Amino acid sequence: GSAGAKYVCFEGADKLPNGYYGTSMLLAHAMDPMRDVIVAFEQNDQRLTPDHGYPVRIIIPGWIGGRMVKWLTKIMVTEKESDNYYHFFDNRILPPQVDKEIADRDGWWYK
């Protein structure tokens, strides 16, 4: 049921080598009116173009652009964070001293 819902997962139509592109965020963040998270289908009073995610994309102010899933096909409310490959291994911001070797060894991808 919805009582355990803690996350919102987003998935796009772009099929990549490790599955469809996707990510997630806390449900409380997505629903916070001060955060202005939106599902967008227009920009500047015009329909989105394919380069900008037509027909619809998620906009998450203050987050890295790669988390703003384009060509949005699914929005799922779940009890757990997305297990999507790209949620962990794409557009992840790590401290400058953490390279791929350190991230793999110390589990930084999942922090």
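Computed from a predicted structure; not experimentally measured.

The rules behind these values
- Residues numbered from 1 in each chain as written.
- Predicted model: local features only at pLDDT ≥ 70, side-chain atom pairs only at ≥ 80, totals over all residues.
- Heavy atoms only, no water.
- Helix = DSSP H or I, 4+ residues; strand = E, 2+ residues; numbered from the N terminus.
- Polar contact = N/O pair within 3.5 Å; in protein donor to acceptor, adjacent residues only side chain to side chain.
- Core = buried A, V, L, I, M, F, W, Y, C linked by side-chain atoms within 4.5 Å.
- Buried < 20%, exposed > 50% of the residue type's maximum accessible area, 1.4 Å probe, protein only.
- Contact = heavy atoms within 4.5 Å.
- Pairing = 2+ DSSP bridges.

S.K.: So what's going on with the side chain of His 87? Which residues, and what values?
M.R.: Among the secondary structure elements, His 87 is positioned in helix α2 (residues 85–89). Within the structure, His 87 has its side chain in polar contact with the side chain of Thr 23 (distance 2.6 Å).

S.K.: Give a description of the nonpolar core that names residues and reports values.
M.R.: Counting residues in each nonpolar core, the largest one holds 13 residues, and the members touching the most others are Phe 10, Met 25, Val 37, Ile 58, Ile 60, Val 69 and Leu 72. Of all elements in the fold, only β1 (7–16) and β2 (19–26) reach the threshold of two or more residues within this core. Aside from chain neighbours lying at most four places away, what touches Ile 58 is Phe 10, Val 37, Ile 38, Val 39, Arg 67, Met 68, Val 69 and Leu 72.

S.K.: Let's hear about the environment of Leu 72: which residues, and what values?
M.R.: Following the sequence through the fold, Leu 72 ends up in strand β7 (residues 72–78). By relative accessible area, which is 10% here, Leu 72 ends up buried. Considering only alpha carbons, one finds Leu 72 and Pro 95, 23 residues apart in sequence, at a separation of 29 Å. Apart from residues no more than four positions distant in its own chain, Leu 72 is found in contact with Phe 10, Glu 11, Gly 12, Val 39, Val 56, Arg 57 and Ile 58.

S.K.: Describe the pairing of β1, and please don't skip the residues or the numbers.
M.R.: Pairing of β1 with β2, which is carried by seven bridges, proceeds in the antiparallel orientation. Its bridge partner being in β2, Cys 9 is matched across the sheet by Ser 24. Where β1 hands over to β2, the hairpin turn is made up of two residues, counted between the paired strands. Where β1 lies against β7, six bridges are found, and the strand directions are antiparallel. Each bridged residue has a counterpart across the sheet, and for Phe 10 the counterpart in β7 is Ile 75.

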